[in-house]
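Listed below are the residues making up each chain.
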Amino acid sequence: MKFLCIQRDCPDGLLSKTKFLEVYSTFFPTGNPDKFCNHVFRSFDGDNSGKIDFKEFLLAINITSGGDPKSKLNWAFTMYDIDGNGTIEKDEMVEIIGVSLIIVLFWKLENFKIQYMY
């Protein structure tokens, strides 16, 4: 499994979308997490620079792994509000739920295969 080494993988301290997709996809070796990763990346890239700086990276880790409920809700809203207009339309909801379900289904399939292979 590949992990991100900031100094080696991001010597300028900025995480590109390409590197983010590369690292994130190692957690889902089957399936295609690109669409989901694009939405997650967009929600982490707070200044819309196309890269995640170290501060954005730390904030993202904090929110997703143990942040307070309000912070998690704000992050989730940002991920669902694809066009950034402050509202979540039906097509945005369908898009995020659709790509999320694909990730979950591939993850469950992978775990099912592992469970019954060994």
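Residues numbered from 1 in each chain as written. Predicted model: local features only at pLDDT ≥ 70, side-chain atom pairs only at ≥ 80, totals over all residues. Heavy atoms only, no water.

1. Side note on the confidence of the model for the protein
On average, residues of the protein carry a pLDDT of 80, and 78% of them reach 70 or more. Between the elements of the protein, mean pLDDT differs from a low of 67, seen in helix H1 (residues 6–9), to a high of 90, seen in strand S2 (residues 51–53). (pLDDT = per-residue confidence, 0-100. Helix = DSSP H or I, 4+ residues; strand = E, 2+ residues; numbered from the N terminus.)

2. Things to note about the packing of aromatic side chains
Using the criterion set out here, one finds 3 aromatic pairs in the structure. Judged by centre distance (6.2 Å) and plane angle (90°), the rings of phenylalanine 20 and phenylalanine 44 are edge-to-face. Highlighted residues: phenylalanine 20 in helix H2 (residues 17–25) and phenylalanine 44 in helix H3 (residues 34–44), separated in sequence by 24 residues. The class of phenylalanine 44 is buried, set by a relative accessible area of 15%. (Phe/Tyr/Trp six-rings, centres within 6.5 Å; stacked < 30°, edge-to-face > 60°. Buried < 20%, exposed > 50% of the residue type's maximum accessible area, 1.4 Å probe, protein only.)

3. A look at the nonpolar core
Membership of the largest hydrophobic core comes to 15 residues, with the highest contact counts inside it found for Phe20, Phe36, Val40, Phe44 and Ile52. Mapped by element, the contributors of at least two residues to this core are H2, H3 and helix H6 (90–117). For this core, the element with the highest residue contribution is H3, accounting for 5 residues. (Core = buried A, V, L, I, M, F, W, Y, C linked by side-chain atoms within 4.5 Å.)

4. Describing the pattern of salt bridges
Enumeration according to the criterion identifies 2 salt bridges in this entry. Between glutamate 22 and lysine 19 there is a salt bridge, and its shortest N-O distance comes to 3.2 Å. Placement of the pair is glutamate 22 and lysine 19 together in helix H2, with a separation of 3 residues, close to one helical turn. Given a relative accessible area of 35%, glutamate 22 falls into the partly exposed group. (Salt bridge = Lys/Arg side-chain N within 4 Å of Asp/Glu carboxyl O.)

5. Some words on unusual backbone geometry
Glycine aside, a negative phi is what most residues show, and trans is what most peptide bonds show. A positive phi angle is found at asparagine 48, which is not glycine, with a value near 55°. Position of asparagine 48 relative to the elements: it lies in the loop between H3 and S2.

6. So, the environment of leucine 21
Mapped onto the secondary structure, leucine 21 falls in helix H2. On the basis of relative accessible area, leucine 21 is assigned to the buried category, the value being 18%. As a C-alpha pair, leucine 21 and proline 33 span 12 residues in sequence and 8.0 Å in three-dimensional space. Ignoring sequence-local partners within four residues, the contact set of leucine 21 consists of Asp34, Cys37 and Asn38. (Contact = heavy atoms within 4.5 Å.)

7. A short note on the layout of surface pockets
One simple way to see leftover space: roll a probe sized like a water molecule over the atoms. Of the volumes computed, that of the second largest pocket is approximately 190 Å³. Mapped by element, the contributors of at least two residues to the lining of the second largest pocket are H3, helix H4 (54–66) and helix H5 (69–80). In the lining of the second largest pocket, the residues fall into 5 nonpolar, 5 polar and 4 charged. (1 Å grid on protein atoms, 1.4 Å probe; cavity = no way out; pocket = protein on both sides within 12 Å on 5 of 7 lines; lining within 4 Å. Points joined across faces, edges and corners; volume = space filled by probe spheres on them. Nonpolar A, V, L, I, M, F, W, Y, C, P; charged D, E, K, R; others polar.)

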